[in-house]
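These are the residues of each chain, in order.
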Amino acid sequence: MILFRILCLAFLCNFAFASSAVSQQVALTIDDLPSHGALPPGMTRADVAKSILKTLQDAHAPKVYGFINAKKLEEHPEDMEVLKLWRSAGFPLGNHTYAHLSLNASSADDFDQNVARDEPTLNKLDVVMEGPTVAAVTVRVAALLVTLPPVT
Ligand SMILES: [Zn+2]
């Protein structure tokens, strides 16, 4: 019984010290800019973006990354305003692949090419990144994992 109590105490101490020693961070991101889903009646994409940005600013949110799929601008070039509003608000933009490819349906090379194809739009918006953006890294890592043989 004493051994059980010692083990329980050791477990609780380990849990308490471990949880106080580890700081956690949360990143807020908005994916699929400049558009996702149907528009509410009577609103434009810019209206939606302004509402999101105002809400984030009113809540004193830290910089929130907007991750873009530039292919959406082919059909709706006017939605570039959404991305400009994002930058004007002081929030960064990142690469979410050009066409939002499915990892399950694409090769690693397809992903790399799709990430690269998103970059010119980011460059037009004066998005300065050192190295690949977070989403691009995530996509590349995920694509590499897809190409690895399964662990047995
Ligand atoms: Zn997405």
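One can find the structure itself at the top, above this paragraph.
For clarity, every value in this text was computed on a predicted model and none was experimentally measured. (Residues numbered from 1 in each chain as written. Predicted model: local features only at pLDDT ≥ 70, side-chain atom pairs only at ≥ 80, totals over all residues.)

A. Just the pairing of strand β2 (residues 65–68), in detail. Covered by surrounding structure in β2 are Y65 and F67 together with G66 and I68, the residues of both alternating faces. Here strand β1 (residues 29–33) runs beside β2; their pairing, made up of 3 bridges, is parallel. Looking across to β2, one finds that L33 is bridged to I68. Running through helix α2 (residues 45–58), the crossover from β1 to the neighbouring parallel element β2 is right-handed. Bridging between β2 and strand β3 (residues 93–95) involves 3 bridges; their strand directions are parallel. The residue bridging F67 from the neighbouring strand is G94, located in β3. (Buried ≥ 20, exposed ≤ 12 C-beta atoms within 10 Å, placed from the backbone. Helix = DSSP H or I, 4+ residues; strand = E, 2+ residues; numbered from the N terminus. Pairing = 2+ DSSP bridges. Right-handed = clockwise from strand over helix to strand, strands pointing away.)

B. Representation of the nonpolar core. Formed by 15 residues in total, the largest nonpolar core has its most connected members in L33, I68, V82, L83, W86 and L93. Within the residue set of this core, elements represented by two or more residues are α2, β2 and α4 (80–88). In terms of residue count, the dominant contributor to this core is α4 (4 residues). Not counting residues up to four positions away in its chain, the partners in contact with L33 are G66, F67, I68, V82, L83 and W86. (Core = buried A, V, L, I, M, F, W, Y, C linked by C-beta atoms within 7 Å. Contact = placed C-beta atoms within 7 Å.)

C. The packing of α2 against α4, seen in detail. It is the contact of α2 with α4, at a shortest axis distance of 8 Å, that shows an interaxial angle of 20°. What the angle tells us is that α2 and α4 run roughly parallel. As α2 runs across α4, the sense of the crossing is right-handed. Along its contact with α2, which presents R45, A46, A49, K50 and L53, the element α4 presents E81, V82, L85 and W86. Split by residue class, the contact of α2 with α4 holds 6 nonpolar, no polar and 3 charged. (Axes fitted to C-alpha atoms, helices over the stretch in contact; angles between N-to-C directions. Parallel < 35°, antiparallel > 145°, perpendicular 65-115°, else oblique. Left-handed = near helix turned anticlockwise from the far one by under 90°. Nonpolar A, V, L, I, M, F, W, Y, C, P; charged D, E, K, R; others polar.)

D. How the structure looks around the sheet that holds β3. Reading across from one edge, β1-β2-β3 is the order of the 3 strands in this open sheet, with parallel pairing throughout. Edge positions in the sheet fall to β1 and β3, since each has one partner strand and no second. Ignoring strand direction, the axes of neighbouring strands in this sheet form an average angle of 30°. Packed on one face of the sheet, helix α5 (residues 108–124) meets β2 and β3 and runs near 155° to β3.

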